[in-house]
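What follows is each chain in one-letter form.
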Amino acid sequence: GAVVSQHPSWVICKSGTSVKIECRSLDFQATTMFWYRQFPKQSLMLMATSNEGSKATYEQGVEKDKFLINHASLTLSTLTVTSAHPEDSSFYICSARARDSKETQYFGPGTRLLVL
Amino acid sequence: GENVEQHPSTLSVQEGDSAVIKCTYSDSASNYFPWYKQELGKRPQLIIDIRSNVGEKKDQRIAVTLNKTAKHFSLHITETQPEDSAVYFCASRRGGSQGNLIFGKGTKLSVKP
């Protein structure tokens, strides 16, 4: 099946720094990528949807200036958490939808962020 | 807005028994309903999905049923095994062919040997 990778798998940073997370579709072209946030024992909360070559669409309540999303190619999307604070600590998961599939989403392994 | 309700939040069964997880959705335009299994600290894995033009789909020990009129769908796992223990999420795709997935809150399934 389709493979989605994420890097890094975990990161610890100091408050105030910025963190970039990469999401790659390894064996397919992803026209749309999604970024989710998951708190312990909770569901996946959609943060934003990004389409290759266009601006991301953010969900209500998600600050676009804090969570910068770039989808520069059909195989790569990045999420940058700017000026991270402890409350940003969470599990961030991306998913990708293939060009030839309007439905199935494949998830990356997630990135665990801890802001001290 | 659109939402997906999932029940129960936790489910404990004996190995070999069946497990049923139910979800309801609010958006009548939803037409795609996947189920994901997530083990602790790992990515959600698609285990089965169903489209609105089908009432039931089966894949070995896993089946999904859809009632469009009532706007609910269910996951059925038969002959459960300890390795089925995980958190299961239902989802519905909102608003048309390019819509986003809306997830339920998850069900933690524990299968006791």
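Here we summarise the structure given alongside this text. (Residues numbered from 1 in each chain as written. Chains lettered and ligands numbered in written order. Predicted model: local features only at pLDDT ≥ 70, side-chain atom pairs only at ≥ 80, totals over all residues. Heavy atoms only, no water.)

A word on the overall build of chain B
Here is the rule: Secondary structure elements are taken from DSSP: a helix is a run of H or I of four residues or more, a strand is a run of E of two residues or more, and numbering for both begins at the N terminus. Radius of gyration here is computed from C-alpha atoms only, and the compact-globule reference equals 2.2 Å multiplied by the residue count raised to the power 0.38. In this analysis, two residues are considered to be in contact whenever any of their non-hydrogen atoms come within 4.5 Å of each other. The Shrake-Rupley method, run with a 1.4 Å probe, gives the accessible areas here. Residue values count only the displayed protein chains as cover. None of His or the chain ends enter the tally, which takes Lys and Arg as positive and Asp and Glu as negative. To locate a charge, take NZ of a lysine, CZ of an arginine, CG of an aspartate or CD of a glutamate.
When helices and strands are tallied, chain B shows zero helices and 11 strands. Listed by position from the N terminus, the elements making up chain B come as β-β-β-β-β-β-β-β-β-β-β. For a compact globule of 113 residues, the expected C-alpha radius of gyration is about 13 Å, and chain B comes in at 13 Å, within 12% of that figure. Across its three principal directions, the C-alpha atoms of chain B cover 40 × 30 × 20 Å. Sequence-distant contacts, at least 24 apart, represent 53% of the contacts inside chain B between residues at least 6 apart. A total accessible area of about 5700 Å² is found for chain B, and carbon and sulfur atoms account for 47% of it. Within chain B, the 12 negative side-chain charges are centred at a point lying 5 Å from the centre of the 15 positive side-chain charges.

Notes on the pairing of strand E4 (residues 30-38) of chain A
Residue and element names in this part refer to chain A. This is how the line gets drawn: Buried means the residue's accessible area, taken with a 1.4 Å probe over protein chains only, is under 20% of the maximum for its type, while exposed means over 50%, and partly exposed covers the values in between. Whether two strands pair depends on DSSP finding at least two bridges between them.
Counting buried positions along E4 gives eight out of nine residues, so the element sits mostly inside the fold. As paired elements, E4 and strand E5 (residues 44-51) share seven bridges and run antiparallel to each other. Note on E5: the bridge partner recorded for Thr 32 is Asn 51. Here E4 hands over to E5 after five residues, with Lys 41 in that stretch at a positive phi of 60°.

Some details on the state of the cysteines
Residues and elements named next belong to chain A. Basically, it comes down to this: Put simply, a disulfide is two cysteine sulfurs that come within 2.5 Å.
Inspection of every chain in the model, using the stated rule, returns two disulfides over all chains. One disulfide in the model links Cys 23 with Cys 94; its S-S distance is 2.0 Å. One disulfide, between Cys 23 and Cys 94, carries an S-S torsion of 80° and so falls in the right-handed class. Placement of Cys 23 in strand E3 (residues 19-25) and of Cys 94 in strand E9 (residues 90-98) is noted, with a sequence separation of 71 residues between them. In this structure Cys 13 is not part of a disulfide, and its nearest cysteine sulfur, from Cys 94, lies 18 Å away.

Observations regarding the interface of chain B and chain A
One widely used convention gives an interface's size as the accessible area the parts lose upon coming together. Defined as follows: By buried area we mean how much accessible surface two parts lose on assembly, using a 1.4 Å probe and totalling the loss over both. Throughout this description, a polar contact denotes any pair of N or O atoms lying within 3.5 Å of each other; where both atoms belong to protein, one of them has to be capable of donating a hydrogen while the other can accept it, and for residues adjacent in sequence the pair is counted only when both atoms sit in side chains. Residues are sorted three ways: Asp, Glu, Lys and Arg are charged, Ala, Val, Leu, Ile, Met, Phe, Trp, Tyr, Cys and Pro are nonpolar, and all the rest, Gly among them, are polar.
Opposite the 21 residues of chain B that make contact, chain A presents 21 residues. Approximately 1700 Å² of surface area, both sides summed, lies buried where chain B meets chain A, with 45% of it carried by carbon and sulfur atoms. Taken together, the links from chain B to chain A amount to six residue pairs in polar contact (both at pLDDT 80 or more). Listed by contribution, the elements that provide at least two residues to the side of chain B that touches chain A are strand E4 (32-38), strand E5 (45-51), strand E9 (86-93) and strand E10 (101-103) of chain B. Class assignment for the residues of the side of chain B that touches chain A results in seven nonpolar, seven polar and seven charged.

A short note on the sheet that holds strand E3 (residues 19-25) of chain B
Residues and elements named next belong to chain B. Filter applied, for reference: Each axis is a line fitted through C-alpha atoms, and for a helix only the stretch in contact is used; angles between axes span 0 to 180 degrees, taken between their N-to-C directions.
Strand order across the open sheet formed by five strands is E1-E3-E8-E7-E6, with antiparallel pairing between neighbours. In the strand order of this sheet, the two ends are held by strand E1 (4-7) and strand E6 (56-59), each with one partner. Going across the sheet, the axis of each strand differs from the next one's by a mean of 15°, ignoring polarity. The sheet contact formed by strand E7 (residues 62-67) and strand E8 (residues 72-77) spans six bridges and is antiparallel. Across the sheet, the residue bridging to Leu 66 is Phe 73, located in E8.

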